Amino acid sequence: MTAALELRDVSLTYATRRGEINALAEVDLRVGTGEFVALLGPSGCGKSTILKLAAGLMSATSGQVQVASRTVVGPSRHTGVVFQKPNLLPWKTVLDNVLLPARTLGLSDATARVRARQLLDLVGLVDFASDYPFELSGGMQQRVGIARMLLHDPDLLLMDEPFAALDALSREFLMLELQRIWEQQRKSVLFITHSIQEAVFLADRVLVMSPRPGRIIESVTIPLPRSRTLDTLANDEFMALCQHLRRYFTHA
């Protein structure tokens, strides 16, 4: 399987008033083409830092970061990013929020509008194209963010705890929605999360990070058949996988 994203021996150190902080240490990470990989770890371990390196928003102190076999030197058309908050512009409609990247990416207005409506249909919001963000629930706003991320048809999706601010029922619904979208699009995904259940439900593989300085300490393949349903959450194999991962975050 070819690599959509690869980090080789990546370390990151940055200066603070209290001295240097070693955020990442010798990280090796790989996301194959079409693979859904979840990155799981404790707060402050460097999960979001890895995403920012992959997105070209930060530079590593040492090591190499590649997307589609190209060294990352800044933001790229090959990559789409969704953060914990959808960051929609409140004075723009749902459709116009999805269209925000179009000009920067050099897409023609007509082409972008057709694409944006197709994506709103994909995320189940085409009937809300003329609404404003305040008229949507938190989960619906996040789906707008996912549609915006997909506008330029990136090869690699980077998702930084996109469901963290939502209630439990909304999170379960969006897990199902994201799985559906991924199964249709088959994009490569690096999904950052604190939730063990979320990681096991969505991913082909779960990577576990150590406390800071962050490094990958285990890669766990998730053999659960797809499509997964809410019944999967009560499956014995699902619960055993969750228990296996939980031991990394259980302190005596």
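Anyway, here's the lowdown on the structure attached to this text. Just so it is clear, the model here is predicted, and its values are computed rather than measured.

Procedures and definitions
- Residues numbered from 1 in each chain as written.
- Predicted model: local features only at pLDDT ≥ 70, side-chain atom pairs only at ≥ 80, totals over all residues.
- Heavy atoms only, no water.
- Helix = DSSP H or I, 4+ residues; strand = E, 2+ residues; numbered from the N terminus.
- Pairing = 2+ DSSP bridges.
- Contact = heavy atoms within 4.5 Å.
- Axes fitted to C-alpha atoms, helices over the stretch in contact; angles between N-to-C directions.

### Quick notes on unusual backbone geometry
A cis amide bond, omega 0°, links Arg212 with the succeeding residue Pro213. Tracing the chain through its elements places Pro213 in the loop between strand 9 (205-209) and strand 10 (216-221). Cis peptide bonds are those with omega within 30 degrees of zero, and the linkage from Arg226 to Ser227 qualifies with 0°. Positionally, Ser227 belongs in the loop between strand 10 and helix 8 (236-246). Positive phi, normally seen in glycine, also occurs at Asp9, with a value near 55°. Residue position: Asp9 is located in strand 1 (residues 3-16). Positive phi values are uncommon outside glycine, yet Ser69 reaches one of about 65°. Position of Ser69 relative to the elements: it lies in the loop between strand 4 (62-67) and strand 5 (70-71).

### Considering the sheet that holds strand 5
Spatially, the 4 strands line up as an open sheet ordered 2-1-4-5, and their pairing is antiparallel. The strands lining the two open edges of the sheet, one partner per strand, are strand 2 (19-32) and strand 5. Relative to strand 2, helix 1 (residues 47-55) is tilted by about 65°, and along the sheet it contacts strand 1, strand 2 and strand 4.

Treat this as a map of the structure, not an account of what it does.
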